[in-house]
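These are the residues of each chain, in order.
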Amino acid sequence: MDEFGPRLPLALAVAVGVALLAFLLGAGINASAVVLVGAVAAVLVAGLHGPDRSSGESPNTARQHGAAATQAAIDAIDEPILVIAAGHVDAANPAARALLGQHIVGGDVRLAIRHPAAAERLFGNSDDPEPVGLVGLGSRDQSWEMRVRPLGGERRLVHLGDRTGNRATERMRVDFVANASHELRTPLASLLGFIETLRDEAGEDPGVRERFLKVMNDEARRMQRLIDDLISLSRIEAEKYRPPDQSVDLSAMLRAVRDELSATNPMRCADLSLLVEPAVTVIGDRAQLSQLLHNVIGNAMKYGRAGTPVEIRLTPRDTMAELVVRDHGEGVAIDHLPRLTERFYRVDSGRSRALGGTGLGLAIVKHIVERHRGRLDIASVVGDGTTVSVLLPLHAVMKP
């Protein structure tokens, strides 16, 4: 540091202090790192203009040392960082070269970041601190935020922040609201239509009135099931990071669920085939595990062919309890399997609604399994049925 004069250590200390202050005031770790890099680079550039005469070092040597220090600083940041001057890339960290290409250093920045919005900010006179959104940089599905900060003179620091995950989350939220609205609007429209009809002369016919009231009752119950599932899914997600702490005898619960389903569908429950080891105990949330069993077994009963067995097996396997439920229905094509646990995703929308499905059952199952630190697997063969496997940690190995 003596090569740049005795005041350089003090300047570097101020730079680090500014970055720390930014972090304490609420800036994220990446933003604070960018502040630190920019401040260090500015200090080094300033030092280049006035090296200590007593050192005997030439300005070119000092400039080389400053460039090396800047490169070392930006290399320590995981997200893409560029240092540009006069429209060219002076330096780039490994993340930037991996995203934009190894050839970008020394080249025109417009060829490195090929995006109209980026070119407007990089070559404009504005020092607007607001980020610029860049969609499609790197790959079609990626989304980035570009921030530009002055370093002094013509040099500027360009920071690219990956926002692909945020964009995907926002898209999921929008899709969820749209799907939920659609699922509620359909039965509500039916209810309103039948109410208007009953208010007219059709309501005076006892047969018509009875038929309409039955449809209205079915649609209202469908709305109720959907709202109950939405509330349940919201509660499960809210507790996602809180481990369950109850000791649950899954064997006994499975038999109780079988009895409850028998009361609602006695003909189909005659097809249930249970192979259950005694006293298979897990640490879990009793209400959520009961919901998981109702959803998985209920799906197998609904989508399996009438008169064919629904095979249920519960066994301990190493440190896990393994629940396997298999039906002998039409099965699901392989391209649908990865999306079965998405909210409102249906292979056959008409059939699912006719059977009383809300499109949220397997999404609920997935979130319950995740909260219990387990594993969910779905396999299916078209024409031969579907198998759902759930692994849950046994009581002896699960720690709260």
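Residues numbered from 1 in each chain as written. Predicted model: local features only at pLDDT ≥ 70, side-chain atom pairs only at ≥ 80, totals over all residues. Heavy atoms only, no water.

Peer 1: Quick question: what am I supposed to make of the overall build of the protein here?
Peer 2: What the protein contains, in helices and strands, is 13 helices and 12 strands. With 400 residues in all, the protein has 41% of them scored as buried. The long-range fraction of contacts in the protein, counting pairs at least 24 apart against all pairs at least 6 apart in sequence, stands at 60%. Total accessible area on the protein is roughly 21700 Å²; 55% of this is exposed by carbon and sulfur atoms. (Helix = DSSP H or I, 4+ residues; strand = E, 2+ residues; numbered from the N terminus. Buried < 20%, exposed > 50% of the residue type's maximum accessible area, 1.4 Å probe, protein only. Contact = heavy atoms within 4.5 Å. Areas by Shrake-Rupley, 256 points an atom, 1.4 Å probe, with all protein chains shown as cover.)

Peer 1: Got a minute to help me understand the sheet that holds strand S12 (residues 385–393) in this structure?
Peer 2: Backbone-to-backbone hydrogen bonds pair the strands of a sheet. The strands run either parallel or antiparallel. Strand order in the open sheet formed by 5 strands is S7-S9-S10-S12-S11, with mixed pairing between adjacent strands. Of all the strands in the sheet, just strand S7 (272–276) and strand S11 (375–381) have a single pairing partner and so form its edges. Sheet twist, expressed as the average angle between the axes of neighbouring strands with direction ignored, equals 10°. The pairing of S7 with strand S9 (residues 310–317) spans 5 bridges and is parallel. Bridging across to S9, Leu275 finds its partner in Arg313. (Pairing = 2+ DSSP bridges. Axes fitted to C-alpha atoms, helices over the stretch in contact; angles between N-to-C directions.)

Peer 1: Looking at this structure, I do not really get the packing of helix H8 (residues 206–238) against helix H13 (residues 361–371). What am I missing?
Peer 2: When two helices pack together, you describe them by how their axes are tilted relative to each other and by the distance separating the axes. Put simply, H8 and H13 touch, their axes get as near as 10 Å, and they point 20° apart. The pairing of H8 with H13 is recorded here as roughly parallel in orientation. When you trace H8 past H13, the crossing you get is left-handed. Across the interface between the two elements, Asp229, Ser232, Leu233, Ile236 and Glu237 from H8 touch Ala363, Ile364, His367 and Ile368 from H13. In terms of residue class, the contact of H8 with H13 is made up of 5 nonpolar, 2 polar and 2 charged. (Parallel < 35°, antiparallel > 145°, perpendicular 65-115°, else oblique. Left-handed = near helix turned anticlockwise from the far one by under 90°. Nonpolar A, V, L, I, M, F, W, Y, C, P; charged D, E, K, R; others polar.)

Peer 1: Looking at this structure, how should I read the packing of helix H11 (residues 286–303) against H13?
Peer 2: Their axes nearest at 9 Å, the elements H11 and H13 cross at an angle of 140°. Overall, the two elements H11 and H13 adopt an arrangement that is oblique. The way H11 lies across H13 gives a crossing that is left-handed. For the pair H11 and H13, contact is made by Gln288, Gln291, Leu292, Asn295, Val296 and Asn299 and by Gly361, Leu362, Ile364, Val365, Ile368, Val369 and Arg371, respectively.

Peer 1: Hey, could you run me through the sheet that holds strand S4 (residues 143–152) in this one?
Peer 2: An order of S2-S1-S5-S4-S3 is seen for the 5 strands of this open sheet, with the pairing classed as antiparallel. At either margin of the open sheet sits one strand with a lone partner, and together these are strand S2 (88–92) and strand S3 (132–135). The average undirected angle you get between the axes of adjacent strands in this sheet is 30°.

Peer 1: Mind showing me how you'd approach the pairing of strand S1 (residues 81–85) here?
Peer 2: Buried residues dominate S1, accounting for 5 of its 5 residues. Burial along S1 is two-sided: the face carrying Ile81, Val83 and Ala85 and the face carrying Leu82 and Ile84 are both buried. In the sheet, S1 pairs with S2 via 4 bridges, with the strands oriented antiparallel. Considered in S2, the bridge of Leu82 is made with Ala92.

Peer 1: I would appreciate a short explanation of the nonpolar core in the present structure.
Peer 2: In a soluble, globular protein the nonpolar side chains are often hidden away together inside. Counting 45 residues, the largest nonpolar core has Leu254, Leu292, Leu293, Ile297, Ile312, Leu323 and Val325 as the members making the most contacts within it. Among the elements of the structure, H8, helix H9 (250–264), S7, H11, S9, strand S10 (320–326), H13 and S12 are those that each provide at least two residues to this core. At 7 residues, the largest contribution of residues to this core is made by H11. Not counting residues up to four positions away in its chain, the partners in contact with Leu323 are Leu254, Leu292, Leu293, Ile312, Arg313, Leu314, Val388, Ser389 and Val390. Ranked by size, the runner-up nonpolar core spans 21 residues in total, among them Ile104, Val109, Met146 and Val158. (Core = buried A, V, L, I, M, F, W, Y, C linked by side-chain atoms within 4.5 Å.)

Peer 1: What am I meant to see in the pattern of salt bridges here?
Peer 2: Counted by the stated rule, this structure contains 17 salt bridges. Of the charged contacts, one joins Arg313 and Glu322 as a salt bridge, the two residues approaching to 3.8 Å between their closest N and O atoms. Of the residues examined, Arg313 reaches a relative accessible area of 32% and is grouped as partly exposed. In this structure Glu322 comes out as buried when scored by relative accessible area, which is 13%. (Salt bridge = Lys/Arg side-chain N within 4 Å of Asp/Glu carboxyl O.)

Treat this as a map of the structure, not an account of what it does.
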